[in-house]
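# Architecture at a glance
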Number of protein chains: 2
Amino acid sequence: MAAAAPPPPPSDVPEPHMAPLETTPIGHPMFTRIRLATPLDVPFIHKLIHQMAVFEKLTHLFSATESSLSSTLFLSPPFQSFTIFLLEVSSSPIPPLLSPSPSFTPIEKTFNFDLPLNDLEKDAFSVHYGSDQVVIAGFVLFFPNYSTFLGKPGFYVEDLFVRECYRRKGFGKMLLSAVAKQAVKMGYGRVEWVVLDWNVNAIKFYEQMGAQVLPEWRICRLTGDSLQAYQNANA
Amino acid sequence: MAAAAPPPPPSDVPEPHMAPLETTPIGHPMFTRIRLATPLDVPFIHKLIHQMAVFEKLTHLFSATESSLSSTLFLSPPFQSFTIFLLEVSSSPIPPLLSPSPSFTPIEKTFNFDLPLNDLEKDAFSVHYGSDQVVIAGFVLFFPNYSTFLGKPGFYVEDLFVRECYRRKGFGKMLLSAVAKQAVKMGYGRVEWVVLDWNVNAIKFYEQMGAQVLPEWRICRLTGDSLQAYQNANA
């Protein structure tokens, strides 16, 4: 399905949900869609998080299981608590969702690349819609935070991850923009996330997207035994 | 009601919710309680946040109103979204709540101070329980966050504030400990917050409470016009 042998352009399959390409595509079209994740996506989410831990050389801190994710995610309606957008890609137009969420209209965008993308892991990240197959290329996990100074909520982006073969194509920007757009739609005041101070490329990218990097704040974390010690604290 | 003319110890008013002092108090007893805030507390919360903005010399960033707080807080059950603990203090035993939340049992602690505390603003922060009057001394606002590596939620502490005349008495620790205790009770993996890097006293205090300060992470913030620019973003 991937770009090694791209199918013809989709002119013979009118898809009301997908605007036709304005010109005959040259090269390798890639149809993309951002949609809400559902409980059925947990196996993909688990694999994506694990890949992120490998990328960050932090597998020693990785202890999430499909079970721990299933029991803690999807307990609230979208955007009210932990929320995940998935990025789906396909070399063919992506069929509409059978059960779209009333909370979010998927964001679709068609790219056209000079070179084919060779996804060696596509089988492990494939979603089947009837006879159609699309591939999960990345995700963003975010949840509401709150600014008391503004007196309004915002979104905090915990994770933004694009699988290796899909990087440097604008997909990270697409996922983060989707969160920002949702924040504006909901009247929220901020979107925040964190970056490692030595990751100058990421910082440059975020600044180009309009973000400020706050130099003075440091994260404090109470976890593990130090947190458990408060179990019987009489404050 | 404050400590200028402290009442006698409460031996003549047995309060089943409040363990009697084990020894006859010497000095100035202070009864304290941490309870969940309710929509009726919004005027206090607004004043507390404003005092925090004054303390941090950040009033130019303060735009919250009682109305914006009322319309964005208390929309979810406690701990599922933005949650506020208030610290109440009194020189007399604090009467039990008429409508206690099933989600949280108030935390009570009695202090005994050598010197009276003179709260010049007590009228502005007084809560009346029948003929009893207690004073709001501080608050903590927190909400769930999520660690994908742990595959479980935590709490993020957005604000921790104790009014000036009540500082350096252990009340900040009491409020933060209450959040940590609640996190342990819920099986959560972390409690996190931020601190300014030059605030060495705060950093020392947090480290003594068991927190690690993460040196490498920086906060990125998309807000104002830079955020609004995403309103019509096609990702």
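Counting of residues starts from 1 at the beginning of each chain's written sequence and follows it residue by residue. All chains are assigned letters beginning with A, and all ligands numbers beginning with 1, in the order in which they are written. Local features in a predicted model are, by the rule used here, given only for residues with pLDDT of at least 70; side-chain atom pairs are given and counted only at 80 or more, and totals for whole chains, interfaces and linings are based on all residues. In computing side-chain properties, one takes all heavy atoms of the structure into account and sets aside hydrogens as well as water.

## Considerations on the overall build of chain A
Scanning chain A for helices and strands turns up five helices and nine strands. Secondary structure of chain A in N-to-C order comes out as β-α-α-β-β-β-β-β-α-β-α-β-β-α. Residue contacts follow a heavy-atom distance rule, with two residues in contact if any of their heavy atoms lie within 4.5 Å. Contacts spanning at least 24 positions in sequence make up 75% of the contacts within chain A whose residues lie at least 6 apart. Here the accessible surface of atoms and residues is derived via Shrake-Rupley with a 1.4 Å probe, and residues count as covered only by protein chains that are part of the display. Per element, the accessible surface of chain A, about 11300 Å² overall, is 56% carbon and sulfur. Numbering of helices and strands runs from the N terminus; a helix is a DSSP stretch of H or I covering at least four residues, while a strand is a stretch of E covering at least two.

## Some remarks on the relation of the copies chain A and chain B
The copies were overlaid by least squares, fitting only the C-alpha atoms of residues that reach a pLDDT of 70 or more in each copy. Between chain A and chain B, which share one sequence, the superposing operator has a rotation angle of 180 degrees and an axial displacement of 0.0 Å; the RMSD is 0.0 Å. In short, the pair behaves as if placed about a two-fold rotation axis. Looking at the interface residues of chain A, 100% of them are also at the interface in chain B, so both copies use one shared face.

## Remarks on the pattern of salt bridges
A carboxyl oxygen of Asp or Glu within 4 Å of a side-chain nitrogen of Lys or Arg is what we treat as a salt bridge. Overall, the coordinates contain 14 salt bridges over all chains when judged by the stated rule. Between Glu192(B) and Arg221(A) there is a salt bridge, with the nearest N and O atoms lying 2.5 Å from each other. Of this pair, Glu192(B) sits in strand β7 (residues 190-196) while Arg221(A) sits in strand β9 (residues 217-223), which puts the two residues in different chains. Glu192(B) gets classed as buried once you look at its relative accessible area, which sits at 9%. Burial classes: relative accessible area under 20% of the type maximum marks a residue as buried, over 50% as exposed, and values in between as partly exposed (1.4 Å probe, protein chains only). Residue classification places Arg221(A) among the buried positions, given a relative accessible area of 17%. Between Asp119(B) and Arg163(B) there is a salt bridge, and its shortest N-O distance comes to 2.5 Å. Residue Asp119(B) is found in the loop between β3 (107-113) and β4 (126-129), and its partner Arg163(B) is found in the loop between β6 (152-162) and α3 (171-185); the two are separated by 44 residues along the sequence. Here Asp119(B) matches Arg163(B) in class, with each residue buried. Connected through shared salt-bridge partners, Arg33(A), Arg35(A), Asp41(A) and Glu88(A) make up one network.

## A short note on the side chain of Gln182(B)
Along the chain, the position of Gln182(B) falls in helix α3. Those residues within four positions of Gln182(B) in sequence are excluded, and the remaining contacts are Phe79(B), Ser103(B), Phe104(B) and Phe155(B).

## Overview of unusual backbone geometry
All names here are of chain A. Phi is positive for Lys57, close to 55 degrees, though the residue is something other than glycine. Structurally, Lys57 can be placed in the loop between α1 (42-55) and α2 (66-72). The exposed category is assigned to Lys57, whose relative accessible area is 70%.

## Describing the interface of chain A and chain B
Facing 74 residues of chain A, the contacting portion of chain B comprises 74 residues. The contact between chain A and chain B buries some 7300 Å² in all, and 59% of this surface belongs to carbon and sulfur atoms. One can count four salt bridges joining chain A with chain B. In this structure, Arg218(B) and Asp197(A) form a salt bridge, with 3.4 Å as the shortest nitrogen-oxygen distance. Within 3.5 Å is the distance limit for a polar contact, defined as a pair of N or O atoms, with the added protein rule that one can donate a hydrogen and the other accept it, and that residues adjacent in sequence qualify only through two side-chain atoms. Seen at the junction of chain A and chain B, the total is 34 residue pairs in polar contact (both at pLDDT 80 or more). Here the residues of the side of chain A that touches chain B are counted per class, giving 43 nonpolar, 18 polar and 13 charged. A pair of strands counts as paired when DSSP detects no fewer than two bridges linking them. As defined by bridge partners, strand β7 (residues 190-196) of chain A adjoins strand β9 (residues 217-223) of chain B across seven bridges and the pair is classed as antiparallel. Among the inter-strand pairings, Leu196(A) is bridged to a residue of β9(B), identified as Trp217(B). We define buried area as the total accessible area lost by two parts upon association, computed with a 1.4 Å probe and summed across both. Three classes are used: nonpolar for Ala, Val, Leu, Ile, Met, Phe, Trp, Tyr, Cys and Pro, charged for Asp, Glu, Lys and Arg, and polar for all others, with Gly counted as polar.

## Some points on α1(A)
Residue and element names in this part refer to chain A. One less than the residue count of a helix, multiplied by 1.5 Å, gives the span that helix is expected to have. Spanning 14 residues, α1 covers 20 Å between terminal C-alpha atoms, matching the ideal 20 Å at 1.5 Å per step. Where α1 is concerned, the buried positions are Val42, Phe44, Ile45, His46, Leu48, Ile49, Gln51, Met52 and Ala53. The inward-facing, buried residues of α1 contact α2, β2 (83-90), β4 (126-129), β5 (132-147) and β6 (152-162). Immediately beyond the C-terminal end of α1, within one or two residues, lies Lys57, with a positive phi of roughly 55 degrees.

## Focus: the UniProt feature "domain: N-acetyltransferase" (unreviewed entry) in chain A
UniProt positions are given in the numbering used here, feature names are shortened, and annotations may be inferred rather than shown by experiment. In the numbering used here, UniProt assigns the feature "domain: N-acetyltransferase" (unreviewed entry) to residues 84-234 of chain A. For residues 84-234 of chain A, the helix share is 19%, the strand share is 41%, and the end-to-end C-alpha distance is 37 Å.

## Remarks on helix α3 (residues 171-185) of chain A
Residue and element names in this part refer to chain A. Here α3 spans 21 Å end to end across 15 residues, near enough to the 21 Å set by a 1.5 Å rise per residue. Those residues of α3 lying buried are Phe171, Gly172, Met174, Leu175, Leu176, Ser177, Ala178, Val179, Ala180, Gln182, Ala183 and Val184. Remark: Gly187 follows α3 within two positions and exhibits a positive phi of approximately 75 degrees.

## Some points on the environment of Lys122(B)
Along the chain, Lys122(B) falls in the loop between β3 and β4. The spatial distance from the C-alpha of Lys122(B) to the C-alpha of Thr65(B) is 21 Å, given a sequence separation of 57 residues.

## Looking at the environment of Pro95(A)
All names here are of chain A. In this structure, Pro95 sits in the loop between β2 and β3 (107-113). Judged by relative accessible area, Pro95 falls into the buried class, the value being 11%. Sequence spacing of Pro95 and Trp198 is 103 residues, and the spatial spacing of their C-alpha atoms is 41 Å.

## Points about the packing of aromatic side chains
Note on aromatic contacts: the rings of Phe and Tyr and the six-membered ring of Trp form a pair at centre separations within 6.5 Å, being stacked when their planes are under 30 degrees apart, edge-to-face when over 60 apart, and tilted otherwise. Within the structure shown, the criterion is met by 38 aromatic pairs over all chains. Among the aromatic residues, those joined into a ring-pair cluster are Phe79(A), Phe85(A), Phe104(A), Phe142(A), Phe155(A) and Tyr188(A). Geometrically, a charge over a ring is one whose NZ (Lys) or CZ (Arg) sits within 6 Å of the ring centre while staying within 35 degrees of the ring normal. Geometry around Phe125(B) places Lys47(B) over its ring, the cationic atom sitting 5.3 Å from the centre.

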